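Survey of secondary and tertiary structure
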Amino acid sequence: QVQLVESGGGLVQAGGSLTLSCAASGSIFRIDVMGWYRQAPGKQRDLVATITRGGTPNYADSVKGRFTISRDNAKNTVYLQMNNLAPEDTAVYYCNARIDTLYQYNTYWGQGTQVTVSS
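Quick look at the structure, then. Everything quoted here is computed from the prediction, not taken from an experiment. (Residues numbered from 1 in each chain as written. Predicted model: local features only at pLDDT ≥ 70, side-chain atom pairs only at ≥ 80, totals over all residues. Heavy atoms only, no water.)

Turning to the environment of T90, a few remarks are in order. With respect to the helices, strands and loops of the structure, T90 is situated in the loop between β8 (77-82) and β9 (91-100). Placed 50 residues apart in sequence, T90 and A40 show a C-alpha to C-alpha distance of 6.5 Å. With sequence-adjacent residues up to four places away left out, T90 is seen in contact with A40, Q114, V115, T116 and V117. Here the side chain of T90 touches P87 through a polar contact of 2.9 Å, landing on its backbone oxygen. (Helix = DSSP H or I, 4+ residues; strand = E, 2+ residues; numbered from the N terminus. Contact = heavy atoms within 4.5 Å. Polar contact = N/O pair within 3.5 Å; in protein donor to acceptor, adjacent residues only side chain to side chain.)

Quick look at the side chain of R66 now. Among the secondary structure elements, R66 is positioned in the loop between β6 (57-59) and β7 (67-72). Judged by its relative accessible area of 16%, R66 falls in the buried class. If sequence neighbours within four positions are ignored, R66 has contacts with Q81, M82, N83, N84, L85, A86 and D89. (Buried < 20%, exposed > 50% of the residue type's maximum accessible area, 1.4 Å probe, protein only.)

On to the state of the cysteines. Two cysteines whose sulfur atoms are joined by a covalent bond form what is called a disulfide. Under the criterion given, the structure shown has one disulfide. Covalently, C22 is tied to C95 through a disulfide, its sulfur atoms 2.1 Å apart. Disulfide C22 to C95: torsion about the S-S bond roughly -80°, handedness left-handed. Here C22 is found in strand β3 (residues 18-26), whereas its partner C95 is found in strand β9, with 73 residues between them in sequence. For the pair C22 and C95, one class covers both residues: buried. (Disulfide = S-S within 2.5 Å.)

See the structure below:
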């Protein structure tokens, strides 16, 4: 069994910062790409940022220059540092990871963490 557990969401004023964390646990052999997605009410789930095992990031245009994704392979953890937050960043943020458990290679999702930015 593999689990992804997010933390760090909350309520923040516009212009503020938050850091999200997502830790993977279970029978993990190797984690490849990890990432963050978000879903606002009534909208589809969209990519925020991804990072390869080697540390190469990729960002949605809407967050470039404001958000930073990083990971700690030894801890099976991915982070999302969010600066200069705006009300349009309000959404449920989901962690995502491609994980090899030796028995199967699947995409796993966390349960989501709410980020609310007030104006």
